[in-house]
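# Overview (structure and organization)
Given next are the chains, with one letter for each unit.
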Amino acid sequence: MKGHFRKRGCKCPSNNCTCGKKWSFIIDVGKDPETGKRKQESRSGFKTKQEAEAAAAALITEVNKGIFIKESDMLFKEWANDWLLLYIERNGPKPGTIRLRQYSIKKLLPYFAHIKLKNITEEMYQSALNDLKVQDFSRSTIEGVHTTAKMIFKMAVNKRMLKIDPTQNAYIKKDPQVIIESDEEDLPLFFEREDLELFLNTVRNKGLFLDNAIFTTYHPLGCVSVN
Ligand SMILES: [Zn+2]
C-alpha cells in the first residue's frame, strides 16, 4: 500500500524544523469497486512523523482487516430524508406510522439538520433529548422521536456510513418522584360491607346509650343501611 508523508509548507532544514507545521499523510486504500478508481485517505495534524506513521499503519490495518469505514459526509437532514424513503419501502408502514416518523424527524431537525451525521456526538444527541423534555413534550412524543432517531442512525451504521451510533446510550430523563402533601388522605368515604358490619356490631354490643340508634339511622355522609 502506497503512502506519502509530508509537512506541508515547511521549508526548514530537514533535521531542525522550527515552523511548527504539522505532518500529514495520504495513502491508497484500494479501489472503488464501481468506478475502478484508486481510493485515497488523508489525515493531518500530527506533531511528528512517527505519529503520522503510526496513524497510517493503524488505518492500513483497518483496511486490510476489512473493518475500515469511510464515514459519510452527508448532513443529517439529507440522510433522514433518504432513510424515510428506505424505511417506507422496506417496512410498508401504515400512514399513521409514516406521519409519526415525519413528525419525529421534524422535531430532530432544529438540532441536527445542517450537521454531518458523523459529527453528531452522543453528548449532542443526549442534550437534544433533554431539551425536548425541557420544552415539555410528553414522554410518548419524546419516545417516538428517540425510536425514530435510533432507526435513522442504526441504518447509517449498517450501511457503513457511520462508525458510532450516537443514540446507543441515550435515555429519556425520568420525572422526579414528587410526593404530594395533602391534608385529605386518599381514603374511601364509606365502609366496605364487612367493615360496616363489624362497626355496627361493635356499636350494638359495646356502644353507649343511643349509639346504636344514632349509627343505624343517621350517617354524616348519607344513610346507612343495616341490611
Ligand atoms: Zn518546519
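These figures come from a predicted structure and were not determined experimentally.

Working reference: metal with six octahedral donors, ideal angles 90 or 180 degrees; metal with four tetrahedral donors, ideal angle 109.5 degrees. Looking at the zinc ion, one finds its protein donor set to be Cys10 (SG), Cys12 (SG), Cys17 (SG) and Cys19 (SG), positioned 2.3 to 2.4 Å from the metal centre. Geometry at the zinc ion is tetrahedral, judged from its four donor atoms and the angles of 104 to 114° they form at the metal. In primary-sequence terms, the residues that donate to the zinc ion follow C-x1-C-x4-C-x1-C. Here cysteine 17 falls in the partly exposed class, since its relative accessible area comes to 30%.

Attention shifts here to the pattern of salt bridges. Per the counting criterion, the structure on display carries eight salt bridges. Salt-bridge contacts for aspartate 73 lead to lysine 118; the nearest nitrogen and oxygen are separated by 2.7 Å. On the criterion of sequence distance, the pair formed by aspartate 73 in the loop between helix 1 (49–65) and helix 2 (76–91) and lysine 118 in the loop between helix 3 (95–112) and helix 4 (122–134) is long-range, its members being 45 residues apart. We note a salt bridge from glutamate 143 to arginine 139, for which the minimum N-O separation is 3.3 Å.

A word on the packing of aromatic side chains. Two numbers describe a pair of aromatic rings. These are the distance of the centres and the angle of the planes. Enumeration over the complete set of coordinates arrives at eight aromatic pairs. Counting every residue linked through ring pairs, the aromatic cluster contains Phe76, Tyr111, Phe112, Tyr125 and Phe153.

Checked against the element boundaries, lysine 77 lands in helix 2. Remark: the alpha-carbon pair of lysine 77 and alanine 113, spanning 36 residues in sequence, is separated by 4.6 Å. Apart from residues lying up to four places away in sequence, lysine 77 is in contact with Leu109, Ala113 and His114.

A regular strand carries its side chains on alternate faces of the sheet. Here strand 2 (residues 23–31) runs beside strand 3 (residues 38–46); their pairing, made up of seven bridges, is antiparallel. Its bridge partner lying in strand 3, aspartate 28 is registered against glutamine 40. Hairpin connection, strand 2 to strand 3: the antiparallel pair is bridged by six residues, and glycine 36 has positive phi, about 75°.

The rules behind these values
Residues numbered from 1 in each chain as written. Predicted model: local features only at pLDDT ≥ 70, side-chain atom pairs only at ≥ 80, totals over all residues. Heavy atoms only, no water. Donors = N, O, S within 2.8 Å, 3.2 Å for Na, K, Ca; no water. Tetrahedral: all angles 85-135°; square planar, octahedral: opposite > 155°, others 65-115°. Buried < 20%, exposed > 50% of the residue type's maximum accessible area, 1.4 Å probe, protein only. Salt bridge = Lys/Arg side-chain N within 4 Å of Asp/Glu carboxyl O. Helix = DSSP H or I, 4+ residues; strand = E, 2+ residues; numbered from the N terminus. Phe/Tyr/Trp six-rings, centres within 6.5 Å; stacked < 30°, edge-to-face > 60°. Contact = heavy atoms within 4.5 Å. Pairing = 2+ DSSP bridges.

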